[in-house]
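# Per-entry structural report
If you want the building blocks of each chain, they are given just below.
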Protein chains: 2
Amino acid sequence: MEIHRTTRALQARADALRRDGHRIGLVPTMGALHEGHLALVDAARARTDFVVVSIYVNPTQFDATSDLAAYPRTLEADLAACEARGVDAVFVPGDDDLYPAGSQTWVEAREISKPLEGASRPGHFRGVATVVTKLFLAAKPHVACFGEKDYQQLALLKRITRDLGFDIEVVGVPTVREACGLALSSRNVRLGAEARRQAPVLSRALDAAEKAVAAGEVRTEALLHLARTELAKAPLARPDYAELRCAASLSPLGECLDRPAVLALAVFFPAADGDDVRLIDNRVLETSPS
Amino acid sequence: MEIHRTTRALQARADALRRDGHRIGLVPTMGALHEGHLALVDAARARTDFVVVSIYVNPTQFDATSDLAAYPRTLEADLAACEARGVDAVFVPGDDDLYPAGSQTWVEAREISKPLEGASRPGHFRGVATVVTKLFLAAKPHVACFGEKDYQQLALLKRITRDLGFDIEVVGVPTVREACGLALSSRNVRLGAEARRQAPVLSRALDAAEKAVAAGEVRTEALLHLARTELAKAPLARPDYAELRCAASLSPLGECLDRPAVLALAVFFPAADGDDVRLIDNRVLETSPS
């Protein structure tokens, strides 16, 4: 498995691969790899013949320095996991490489960055859009895979790819879950024991709304009420938001589920270290065609 | 000469050229081509073996709709000029191609966009940075050539290229001038007859400052006073700004010319059509090594 530490080195490799007719798949990560990331690797492998995993904890997408400092860093285990999964190259850039001295350039998609995570985490998506643009330019992929767990991030990156004209297929990969329903996340390891027991309440809230839609419920307020009621059953859960929005644009819905919508949840739980952990999850809800 | 009208078509061509080992040079223009643009073509030709000229009047870099509407459009003559100069391909995208429905993505370099043109034309450089990013992604050039006449634009694009990690050499090409010293500009044709006679005052103001530096003047206020005094000799000239700034970062200078600096001028003249024409010019001033 190749390890590249600079944009220039990875670009030279990508140019050579493209000259030889290879197709490159990119899986951008912040490390602390779990089975959810490895499902992205599999998705990239299914579509390309050279899979690059980038591992970079991007400082500009963290609004709180405490969250940045607490973000788990497990590089050796990550490299072993990549190697075992058949990754062809890992890109481990330094801060100076992705943000050279005097850096001042930002990529932003305005409307799609405003609600949900964007409202709770100012500057988060500007950081994501900027670093992913840099990773796209470094790895020159044909395909890039992102988890559906970060639904808004996926929608943002599809928007940016289209707006700027990147000839990259952005693929969303279904969320990998524990048997209890909890979506895999690098932040799960920070949960206290009791918080960990209660954390599956997010997926139960999503299930409740999904079942209601299957049973014919189309009123957005009723669906949100169901989800919030479910969340309230977990005493350690402090909801940040629970919202239903247009699945494509993330604009607000009217009174009814008149188009595919995403139910998005963000919930705080107490961390083992005394701080808070913020978990997110989502489900796309669609009325079945009549 | 090839003509490409969509990003997808140009990307496919660029991929094929790169696979075959060619080097691509890009000259982004807004059309109304003059000898200044053709000097960019020559510079690209000297560095690459496939020269692409893009012709696109980018609406997002115009702050005044009157300026956008008045911008000269001479596509047939432009294509003939490109063909005569040995251009390999012209890229003529439509608005829908570069700004697809729902577009909301912007590229911005903050500090370098603020002074000079950025202060006079809000949003201008955000438009420039965004469209040039799209043109870079469409043409996939090894080299891109821009005129030194638009000094701040050149500095901005060098900054963005470095910050985002584009593996593109951004080349600045010396300004082409009339015998009288007037910098070639697509806007010159809009000048009234008497304004056209007075317009060389910009280059005379730059000459005056340059001569003073050669004679040992290092005080920034004295140099600016010289330039402003020269501009005042043209009764139709209404200066917008005359500033001396660090040539690399465009940050303000102190009292002395202690590093390479750019003297940048913007001046309004009456247009033949009754509106105003705004001309810019600049000169890099350096004290000779002692």
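Residues numbered from 1 in each chain as written. Chains lettered and ligands numbered in written order. Predicted model: local features only at pLDDT ≥ 70, side-chain atom pairs only at ≥ 80, totals over all residues.

## Regarding the relation of the copies chain A and chain B
In the superposition of chain A on chain B (RMSD 0.0 Å, axial shift 0.0 Å), the rotation amounts to 180°. Both copies of the chain, as the preceding transformation shows, are related through a two-fold rotation axis. Comparing interface residues between copies, 100% of those in chain A also sit at the interface in chain B, which points to an isologous, same-surface contact. (Least-squares fit on C-alpha atoms with pLDDT ≥ 70 in both. Contact = placed C-beta atoms within 7 Å.)

## Structural notes on the sheet that holds strand S6 (residues 143–147) of chain A
Residues and elements named next belong to chain A. Read from one edge to the other, the open sheet built from 6 strands follows the order S1-S4-S3-S2-S6-S7, with strand pairing classed as parallel. Every interior strand has two partners, whereas the edge strands, strand S1 (2–4) and strand S7 (169–173), have only one. For this sheet, the mean angle separating the axes of adjacent strands, direction not counted, is 25°. In this structure, strand S3 (residues 50–55) lies alongside strand S4 (residues 89–91), joined through 3 bridges in parallel fashion. Within the sheet, the bridge partner assigned to serine 54 lies in S4 and is phenylalanine 91. Helix H2 (residues 35–47) rests against strand S2 (24–29), S3, S6 and S7 of the sheet, and its axis sits at about 165° to S2. Each of S2, S3, S4 and S6 touches helix H8 (residues 124–139); the most contacted strand, S2, lies at about 150° to it. (Pairing = 2+ DSSP bridges. Helix = DSSP H or I, 4+ residues; strand = E, 2+ residues; numbered from the N terminus. Axes fitted to C-alpha atoms, helices over the stretch in contact; angles between N-to-C directions.)

## A short note on the interface of chain A and chain B
With 27 residues of chain A in contact, the opposing surface of chain B contributes 27 residues. Secondary structure elements with two or more residues in the side of chain A that touches chain B: helix H1 (7–19), strand S5 (105–109), helix H6 (110–113), H8 and helix H9 (151–164) of chain A. Classifying every residue of the side of chain A that touches chain B gives 10 nonpolar, 7 polar and 10 charged. Looking at chain direction, S5 of chain A and strand S5 (residues 105–109) of chain B are connected through 5 bridges and run antiparallel. Across the sheet, tryptophan 106 of chain A pairs through a bridge with glutamate 108 of chain B, a residue of S5 of chain B. (Nonpolar A, V, L, I, M, F, W, Y, C, P; charged D, E, K, R; others polar.)

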